[in-house]
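# Results of the structural survey
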Amino acid sequence: MKLLILATLAVLLSSVAWAATGEVSFTPTGFKFPIMKITMSKNSGFTSDAMGHQPTATNDQVLYTCASTDESQCLVDLTSQDALDAISAKAKGVSVAVGSYDMLTLATCADTKTGANTISVWLKGFFGAGATPTYFYTDPVGTNGVVAASPDTSVAAKAAAGFTEISWGCGTKIILLASPLVVGDPSAAPSPSPSPSSTAEATTALDQTLTVIVDNTNLANSIPNTSSGMGGCKGSTGRGLCVNIPALLPYVGTATVSTKRYLLSHSNVSVAAIDDAKANAQVIVPMAGTTALTVFAGPYYSETSVANGANVTSTALQSNFQGPTYNTSTDVSSFVDNGDDTISFKQGGSLDSNGGVFTNFSLAGGTNSLTSRDGTVTWYYHAVKQ
Amino acid sequence: MKRRENVAFAFIVLSLALAVASFAVMSCGKSDTAATAASPTTGTVSLNLKVGN
């Protein structure tokens, strides 16, 4: 009898922690998002408070401001290069103070609004869910924003997809630069009477370009059992939609980069126990030649993926494949290209004890181990290059 | 004759004064330009947004 109860309990717990069948990430074909202001700053240090590991912005330099204070008039389709080009054209040759800058802040709401306010974002896309896929598309009309395609084909789903409105809480997105952007040479002391030889000294250029890759891969996901109150989601019961801010990957210069992507699966038992079908995280690394520029890590959903790690110290069966949490920002300031085809970085802030510490993450993919931020748990992982 | 010599002398003095003044202004300008170039306080940044997927 005891065994039966334990077995039943194990099954119930598993169903809670594992992602539900039909849960799926997808890359949107359209995502209209308000960009009110883009600011470049110097991080003067991280705080450690109840809000976690927050950088402190100083020497703010506004690079872009929307002409309107109405967010609905400042929507930018983040999947459209033409739309991004329009922002770039308005943020060209912006006069800034000489200095070193290592953080970008993107404001999605007008300055007068707070986190208590909401705005609307608009998502468009289609996807197949299930082992024998049923195709769905984003629906502008329905209350859940998603309906099954008829006929049940990807072609029909793609053709029927329209922009559906999703409520979004006001806030700012902070992105750290792996390498600072230096305008001029702020460390050089001004010379009142420069000698001719001083002109030969190397200085950092006064005119710089900051490239930001906006990566929408697997940005949205659909959950069969959406509940009301889920942030960035639409639907109160049944299948709904969720969306996040894209991976924003800034680097100094105009170099054309290639992007490496990985899906990660985990085990807290052994490498041999890892099941790739349970992958629940993605890692994106932009490359300039053989040099990694920065890194982004976030959650990934498939019908067989396990839930994202929340209780990293649990040894319950259902937690064995979860890995660290990826529902946090990547601590880009910890990023290092080790120069041997590996990178190191941390996920989450200093207070996110269940965030992961990656050391020697191979750019070729493969197996390795990581530790939780509090050092109490070791996870083995398999990074499958996409 | 005397009056013509006075006018010529005044013209020479005035020309010399103008030359000195011009030199002073040019020198001053050169000095300012050199100081500004040595310690710029502003530069420019161009934002370049790219769709990555």
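The rules behind the values
- Counting from 1, residues in each chain are numbered in the order their sequence is written.
- Chain labels run from A onward and ligand labels from 1 onward, assigned in the order the entries are written.
- Given that this is a predicted model, residues contribute local features only at a pLDDT of at least 70 and side-chain atom pairs are listed and counted only at 80 or more, while totals for whole chains, interfaces and linings are drawn from all residues.
- Excluded from the side-chain calculation are hydrogens and water; included are all heavy atoms of the structure.
- Helix and strand labels come from DSSP, where a helix needs a run of H or I of at least four residues and a strand needs a run of E of at least two; each type is numbered from the N terminus.
- Each residue's exposure class comes from its accessible area (1.4 Å probe, protein chains only) as a fraction of the maximum for that residue type: buried when under 20%, exposed when over 50%, partly exposed otherwise.
- Note on contacts: a residue pair qualifies if any of its non-hydrogen atoms lie within 4.5 Å across the two residues.
- Throughout, the Shrake-Rupley method with a 1.4 Å probe supplies accessible areas, and for residues the shown protein chains are the sole cover considered.
- Definition of a polar contact: a pair of N or O atoms within 3.5 Å, with one able to donate and the other able to accept a hydrogen when the atoms are protein atoms, and with sequence-neighbouring residues admitted only if both atoms are side-chain atoms.
- Here, strands pair whenever DSSP counts at least two bridges between them.
- Angles shown run from 0 to 180 degrees and are taken between the N-to-C directions of axes, each axis being a line fitted to C-alpha atoms and, for helices, limited to the stretch in contact.
- For Phe, Tyr and Trp, rings pair up if their centres lie within 6.5 Å, where Trp contributes its six-membered ring, and each pair is then called stacked (planes under 30 degrees apart), edge-to-face (over 60) or tilted (otherwise).
- Consider the ring centre and the ring normal. A charge sits over the ring if Lys NZ or Arg CZ is within 6 Å of that centre and within 35 degrees of that normal.

## Some thoughts on the overall build of chain A
In terms of helices and strands, chain A carries 3 helices and 27 strands. Taking all 386 residues of chain A together, 46% fall into the buried category. A fraction of 66% describes how many contacts in chain A between residues 6 or more apart in sequence connect residues 24 or more apart. Surface accessibility of chain A: about 17200 Å² in total, with carbon and sulfur atoms responsible for 55%.

## Details of the side chain of A:Gln61
All names here are of chain A. The topology assignment puts Gln61 in strand 4 (residues 52–65). A distance of 3.0 Å separates a polar atom in the side chain of Gln61 from a polar atom in the side chain of Asn59. Once residues within four sequence positions are removed from consideration, Gln61 is found in contact with Ile38, Thr39, Met40, Val96, Ala97 and Tyr101.

## Focus on the sheet that holds strand 2 (residues 30–34) of chain A
All names here are of chain A. The sheet built from 4 strands is open, its strands ordered 5-2-8-12 with antiparallel pairing. Edge strands, defined here as strands with exactly one partner in the open sheet, are strand 5 (75–77) and strand 12 (164–169). Each adjacent strand pair in this sheet contributes to an overall mean axis angle of 30 degrees, direction not counted. Where strand 2 and strand 5 come together, 3 bridges link them in antiparallel fashion.

## Concerning the pairing of strand 25 (residues 356–362) of chain A
Residues and elements named next belong to chain A. Where strand 24 (residues 342–347) and strand 25 come together, 4 bridges link them in antiparallel fashion. Looking at the pairing, Lys346 lines up with Val357 of strand 25. As paired strands, strand 25 and strand 26 (residues 366–372) are joined by 2 bridges and run antiparallel to one another. Bridge assignment links Val357 to a residue of strand 26, and that residue is Thr371. Connecting strand 25 to the next strand, strand 26, in antiparallel fashion are 3 residues, including Gly365 with a positive phi near 85 degrees.

## Description of the sheet that holds strand 9 (residues 126–129) of chain A
Within a sheet, neighbouring strands are paired by backbone hydrogen bonds and run either parallel or antiparallel to one another. Residue and element names in this part refer to chain A. Reading across the sheet, the 3 strands line up as 9-10-11 and stay open at both edges, with antiparallel pairing between neighbours. Of all the strands in the sheet, just strand 9 and strand 11 (146–148) have a single pairing partner and so form its edges. Here the average twist between neighbouring strands, direction ignored, is 30 degrees. Here strand 10 (residues 134–138) pairs with strand 11 via 3 bridges, running antiparallel. If you follow Thr138 over to strand 11, its bridge partner there is Val146.

## What about the packing of aromatic side chains?
Where two aromatic rings form a pair, the distance of their centres and the angle of their planes describe that pair. Residue and element names in this part refer to chain A. Applying the stated criterion across every chain yields a total of 11 aromatic pairs over all chains. Consider the rings of Phe33 and Trp168, whose centres lie 5.5 Å apart with planes at 85 degrees: the pair is edge-to-face. Of the two residues, Phe33 sits in strand 2 while Trp168 sits in strand 12, which places them 135 residues apart along the sequence. Here Phe33 matches Trp168 in class, with each residue buried. Here a set of aromatic residues connected by ring pairs shows up, and it is made of Tyr262, Phe345, Phe358, Phe361 and Tyr381. Above the face of the Phe163 ring, Lys32 is positioned so that its terminal group lies 4.3 Å from the ring centre. It is Lys278 that lies over the ring of Phe321; its NZ or CZ is 5.0 Å from the centre.

In short, shape yes, function no, at least from these values alone.
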